[in-house]
Protein chains: 2
Amino acid sequence: MSTNARRSLRHRLADDLRALVLSGELAPGAQLPSEPELARRMRVSRSSLRSAIALLEEEGLLRPVHGSGTYVNDRPLLRDDLSRNLSGTEMIAATGRTPGARLTEARLEPAPPDVAAAFGLPDGTPLSALRRVRTADDQPVIDTTDWCRPEVLDPVAMADPVDGSVYRALAERGLAIHHGVATMRPAVADARIAERLEVPEGSLLLTLFQTDSTADGVVALVSLEIYRADAFLISVYRRGPGDDASA
Amino acid sequence: MSTNARRSLRHRLADDLRALVLSGELAPGAQLPSEPELARRMRVSRSSLRSAIALLEEEGLLRPVHGSGTYVNDRPLLRDDLSRNLSGTEMIAATGRTPGARLTEARLEPAPPDVAAAFGLPDGTPLSALRRVRTADDQPVIDTTDWCRPEVLDPVAMADPVDGSVYRALAERGLAIHHGVATMRPAVADARIAERLEVPEGSLLLTLFQTDSTADGVVALVSLEIYRADAFLISVYRRGPGDDASA
DNA sequence: GACGACAAGTTGTCTGACAACTCGGAACGG
DNA sequence: CCGTTCCGAGTTGTCAGACAACTTGTCGTC
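Criteria and thresholds
- Sequence order sets the numbering: in each chain, residues are counted from 1 along the sequence as written.
- Whichever chain is written first becomes A and whichever ligand is written first becomes 1, with later ones labelled in order.
- Confidence filtering applies because this is a predicted model: local features only for residues at pLDDT of at least 70, side-chain atom pairs given and counted only at 80 or more, and all residues used for totals across whole chains, interfaces and linings.
- Excluding hydrogens and water, the side-chain values take into account all heavy atoms of the structure.
- Per the convention used, a helix needs a DSSP run of H or I reaching at least four residues, while a strand needs a run of E reaching at least two, with both numbered from the N terminus.
- Only protein chains enter the area calculation, which uses a 1.4 Å probe; residues under 20% of their type maximum are buried, those over 50% are exposed, and those in between are partly exposed.
- Note on definitions: a residue-residue contact is assigned when non-hydrogen atoms from the two residues lie within 4.5 Å.
- Note on terminology: near, applied to a residue and a molecule or strand, indicates that one of the residue's heavy atoms is within 4 Å of it.
- Two N or O atoms count as a polar contact when they lie within 3.5 Å, although within protein this holds only if one can serve as hydrogen donor and the other as acceptor, and sequence-adjacent residues are included solely when both atoms are side-chain atoms.
- Nonpolar residues are Ala, Val, Leu, Ile, Met, Phe, Trp, Tyr, Cys and Pro. Charged residues are Asp, Glu, Lys and Arg, and all others, Gly as well, are polar.
- A quick way to say it: buried area is the sum, across both parts, of accessible area lost when two parts are put together, with a 1.4 Å probe.
- Think of a salt bridge as a Lys or Arg side-chain nitrogen and an Asp or Glu carboxyl oxygen that are within 4 Å of each other.
- For the domains described, the bounds stem from an automatic or database domain assignment.
- Cavity and pocket criteria rest on a 1 Å grid covering protein atoms alone: a 1.4 Å probe that fits but cannot get out defines a cavity, protein on both sides within 12 Å along at least 5 of 7 lines defines an open pocket, and an atom within 4 Å of a point defines a lining residue.
- Grid points are joined across faces, edges and corners, and a volume is the space filled by probe spheres set on the points.

1. Some details on the overall build of chain A
Move 1: In terms of helices and strands, chain A carries 8 helices and 9 strands.
Move 2: Counting every position in chain A, which comprises 247 residues, the buried fraction comes to 50%.
Move 3: Look at the contacts in chain A between residues 6 or more apart in sequence, and 56% of them connect residues 24 or more apart.

This is how it looks when you write it as C-alpha cells:
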C-alpha cells in the first residue's frame, strides 16, 4: 500500500486498488474479496475501503452488486481519455511515444477576443503567451498556445524548461488546476499551421479550446491546441444514463 | 427529497443536492450546512450523506475542506457535456431547441469493418441498422447511424417510434447501457452527407464513432454520429491533475 | 425433475465515537 | 496600540460494530 500522505485515504486506497486491477492481478470479471476481508488486509476500516470502492465504481472500474459481491468491470482502457488527462505531454506519452517540443516561443501579447472573454478581461489586455509545437517521436503532432495572466507567470517563467509543465508551474504559485472545459471544432490547415505541423495545406485538424480553472473557479490558464487529425484518436469515456429511465 | 426507489440512497441524495445547487438555491462559493446538520434535515445518516457528497466532489460540484466545511464550486455549467450525455436527443434538448428526426430508415445490413470489429464479429455479419437525421428546431444537425445485434433488436423494433430512444428499448431488453467510448474525427461533407444535413459539399463536420457497452462489458450498440460543425459546440469537462504532482 | 424454504455470504445503511484540521477571537507581551 | 500566541468551538476524516436488504447455492419436499 502506498504511503503517500497529504491525500485523502480513500484516494490512496483507490489508487492501490486501481493498480491491482490494471496490473492484471484482478482479471476483468473477477470478484473482489469481501469488504470486511479486504479492509482487514489493507489495514483500514471498512468505511474507508467502501469510499475507495465507490470512487472506482464511479470511474467505471468496479461494480458492486448488493448481496453478491464486487466485480471488476472489463472496461476498455482508453489510451488518451480526454476527460481524464489534461496535459498534451501526458496524452502523447500515453500512446507510448516520446513527447517533445520545438519552436518554443514565449512573449507578452494582447489577448485575442475569445481568450480575453475566457479570462473575463477586456480585449487586448496583455497576457503571457507560450507557443509550442509538441512532438511525438520527433514528429510534430500538436500546435499549442497557452495564455495566462502575466502577474502569475511572465513569459520567461512560462517557457522555463526547468519545471517543464505549465501546470506544475501554476501549482507552485498556488494556482492548482482543478478542472478544465474544452470545446472542440474541426478545422483545416492554413499555410501557417501547415508549415508548423508539417502537413499539406488543407489537411484536416481538430482544434481544442480549453479553459482551465482552480477549485474556486478562477480561470488560470487558457489554451488552444491544434491536433493533427491523423496523429490522434481523441477519445472520451461517456457515462451511461444508467438508471433514470423513467416514463 | 425524491422518493425514487430502486436506486442506491447515495445516488438519490446526490441528485437532490445537485438539484439544490443547480437551482441556484446554493450559490457558488456558498458553504453547505455541516454534515450532521444536513443529514438530520434530509432524514438520513451522516454516512449516507457523506457518500453523496463524495459523488458530487468527484463530479466537481462540491469541495469539502477538512476542518472547515463543504463549499459549492462554481463550476461552469456545460450545455452539452460529451462525457455526461449519451443521447443526441438530450444534447439537442440541452441547448434549448426541440429535437426531432427525419429520413428515418431501418434495415438489416452487413456490418462495415469498424462496426464489426467493435462488436467482435466477422466483417459483413448482418446487423440491424437505424439511420436518422436528427433535427433541432427542424433544422438538420446530426446524421446518425446506430447498429445492434438483430437478436436483440430487429430493424422494426429499432425504428419503433413508441419508445423513441434506442437506449430505452435496449434497457427494456435487459441491456442497460453503462458507458460508451467515443472517438472523434474531423471530416468534410461528401455529396451524400451534404444533402442530408443541408450543407454545402466540403463543409466541416465532426464525426463521433461510439461503442456503448453494458456494465459487464457486452457491446450493445455501436453508432456513428456526424455533427454539423456550426450547429454544436461540443464540450468536455476535464478533471485536473489535482494532487499527483509528484517529481 | 421442479419448486420452495432456508442459510450462508455479501453489500447497503445506521449509529456513535474519536482524530485531524480550520479559523476566529481571547489573552498576552511588546 | 499592534502583533503574536494560544485556545476552543466547529467542521470534515476515519474508525468500529451492528443490523437490514439482497443474492446465491443447498437441501428437502412434492
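2. Observations regarding the protein's contact with DNA strand C
Move 1: Surrounding DNA strand C, one finds 20 residues, the nearest of these being Arg50(A), Gly67(A), Leu9(B), Ser45(B) and Ser48(B).
Move 2: Considering DNA strand C, the proportion of its atoms within 4 Å of the protein that are sugar or phosphate atoms stands at 67%.
Move 3: Contact between DNA strand C and Arg50(A): a phosphate oxygen at 2.8 Å from a side-chain N or O atom of the residue.
Move 4: At 2.7 Å, a side-chain N or O of Ser45(B) approaches a phosphate oxygen of DNA strand C.
Move 5: For the surface near DNA strand C, the secondary-structure elements that each account for two or more residues are helix H3 (46-59), strand E1 (62-65) and strand E2 (69-72) of chain A together with helix H3 (46-59) of chain B.
Move 6: With 3 residues, H3(B) is the largest single contributor of residues to the surface near DNA strand C.
Move 7: Along the lines of polarity and charge, the residues of the surface near DNA strand C split into 3 nonpolar, 13 polar and 4 charged.

3. Thoughts on the interface of chain A and chain B
Move 1: Contact with chain A, which involves 55 residues of that partner, is made by 54 residues of chain B.
Move 2: Carbon and sulfur atoms supply 54% of the area that chain A and chain B bury against each other, a total of about 5,000 Å² over both sides.
Move 3: The shortest N-O distance in the salt bridge between Glu57(B) and Arg10(A) comes to 2.4 Å.
Move 4: Across the contact surface, chain A and chain B share 10 residue pairs in polar contact (both at pLDDT 80 or more).

4. Considerations on the side chain of Glu58(B)
Move 1: With respect to the helices and strands, Glu58(B) occurs in helix H3.
Move 2: Judged by its relative accessible area of 17%, Glu58(B) falls in the buried class.
Move 3: Beyond its immediate sequence surroundings of up to four residues, Glu58(B) is in contact with His11(A), Leu55(A) and Arg239(B).

5. Considering the domain arrangement of chain A
Move 1: With domains assigned, chain A is organised as domain 1 (3-72) and domain 2 (78-235).
Move 2: A straight line from the C-alpha centre of domain 1 of chain A to that of domain 2 of chain A covers 34 Å.

6. Points about the layout of surface pockets
By rolling a water-sized probe across the atoms, one finds the places where empty space is left.
Move 1: Put simply, the second largest pocket is a space of about 280 Å³.
Move 2: In terms of lining residues, the second largest pocket is bounded by 12 residues, among which Val181(A), Thr183(A), Phe209(A), Thr211(A) and Ser235(B) are the most central.
Move 3: Looking at the lining of the second largest pocket, the elements with two or more residues in it are strand E6 (179-188) and strand E7 (204-213) of chain A.
Move 4: Here the lining of the second largest pocket gets 4 residues from one element, more than from any other, and that element is E6(A).
Move 5: Classifying every residue of the lining of the second largest pocket gives 5 nonpolar, 5 polar and 2 charged.

7. Notes on unusual backbone geometry
Move 1: Located in the positive-phi region is Arg43(A), a residue other than glycine, with phi close to 60°.
Move 2: With respect to the helices and strands, the residue Arg43(A) is situated in the loop between helix H2 (35-42) and H3.
Move 3: The exposure class assigned to Arg43(A) is exposed, which follows from its relative accessible area of 74%.
Move 4: Even without being glycine, Glu198(B) reaches a positive phi, approximately 60°.
Move 5: Its place among the elements puts Glu198(B) in the loop between helix H8 (191-197) and strand E7 (204-213).
Move 6: Owing to a relative accessible area of 51%, Glu198(B) belongs among the exposed residues under this scheme.

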